[in-house]
Amino acid sequence: MGWKTALTVVRGASVEDLAKAGYMPDGGTSTPDEAIAEGLGDHLSVVVHGDDLVLIGRGTDPDLAGTLHAALDVEVAHAFFMSTVDYYTWTVAHAGGRRSWSCGEGEVVVDEGDPLPEEGTLRVLDERGLRRLLEARTGLRLADLATGTARSLAFSSPVPERRKRRWFGRG
């Protein structure tokens, strides 16, 4: 198939929640297929899928799953497909910890955290295996995205909570 994209499922979150991590819709829309076809540039789009969000693209954050999990306190599953060079990554940030697993050219490159039940007897990741993991963990079937609208996201640093200024460093 030759995929070059990333899909990140944010469990139980709304588009408005993404502001806590600095992401806001910028007004642009497309189909999910068009967002996937953009490949692995710095773009990031979001599709609402039931109670979850599906982010399409890589964005500029190398640890998107970890950042979203920390900001929103929800499970985040990230699947990175680079089928054209046979490289795949599976990352899940959840209340119980973090799992990160990457394979390239049939070899395990990264294997951190406890394996998840969905991984079963899978020894290396490939496109089909990664799609199965994503579906088993999140319920997302890629065909489910076909009827959605992909909203383009822009990043701006979240506004830090303003603290009361203290004179002379005293509480």
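Above this text you will find the structure in question.
Residues numbered from 1 in each chain as written. Predicted model: local features only at pLDDT ≥ 70, side-chain atom pairs only at ≥ 80, totals over all residues. Heavy atoms only, no water.

Here we come to the packing of aromatic side chains. Counted according to the given criterion, the structure contains 2 aromatic pairs. Judged by centre distance (5.1 Å) and plane angle (55°), the ring pair of Tyr 23 and Phe 155 falls under tilted. Placement of the pair is Tyr 23 in strand 2 (residues 23-30) and Phe 155 in strand 9 (residues 150-155), with a sequence separation of 132 residues. The exposure class assigned to Tyr 23 is buried, which follows from its relative accessible area of 4%. Aromatic side chains Phe 80 and Tyr 87 sit 6.3 Å apart centroid to centroid with 75° between the ring planes, which places their arrangement in the edge-to-face category. (Phe/Tyr/Trp six-rings, centres within 6.5 Å; stacked < 30°, edge-to-face > 60°. Helix = DSSP H or I, 4+ residues; strand = E, 2+ residues; numbered from the N terminus. Buried < 20%, exposed > 50% of the residue type's maximum accessible area, 1.4 Å probe, protein only.)

Our next topic: the sheet that holds strand 8 (residues 107-112). In spatial order, the strands read 2-9-3-4-1-5-6-7-8; together these 9 strands make up an open sheet with antiparallel pairing. Each edge of the sheet is formed by a strand with only one pairing partner; in this case those strands are strand 2 and strand 8. Put simply, the sheet's adjacent strands are angled 20° from each other on average, direction ignored. Taken together, the 5 bridges between strand 7 (residues 97-104) and strand 8 define a ladder with antiparallel strand orientation. Bridge assignment links Trp 101 to a residue of strand 8, and that residue is Asp 111. (Pairing = 2+ DSSP bridges. Axes fitted to C-alpha atoms, helices over the stretch in contact; angles between N-to-C directions.)

Three or four residues apart is the spacing at which side chains of an α-helix point the same way, because the helix has 3.6 residues per turn. Among the residues of helix 2 (residues 64-72), Leu 64, Ala 65, Gly 66, Leu 68, His 69 and Leu 72 are the ones counted as buried. Looking one or two residues past helix 2, Asp 73 carries a phi angle of roughly 55°, positive in sign.

In this model helix 3 (residues 127-138) runs 17 Å from its N-terminal to its C-terminal C-alpha over 12 residues, within 8% of the 16 Å that 1.5 Å per residue would give. Along helix 3, the residues classified as buried are Glu 127, Gly 129, Leu 130, Leu 133, Leu 134, Arg 137 and Thr 138. The buried side chains of helix 3 occupy one side of the element, clustering within an arc of 165° when seen end-on. Residues of helix 3 that are exposed and angled more than 90 degrees away from the buried face: Arg 128, Arg 132 and Ala 136. Against the buried residues of helix 3 lie strand 1 (4-10), strand 4 (52-57), strand 5 (76-82), strand 6 (87-94) and strand 7. Once helix 3 finishes, Gly 139 follows within two positions and takes phi at roughly 80°, a positive value. (Expected span 1.5 Å × (residues − 1). Arc of directions from axis to C-beta. Contact = heavy atoms within 4.5 Å.)

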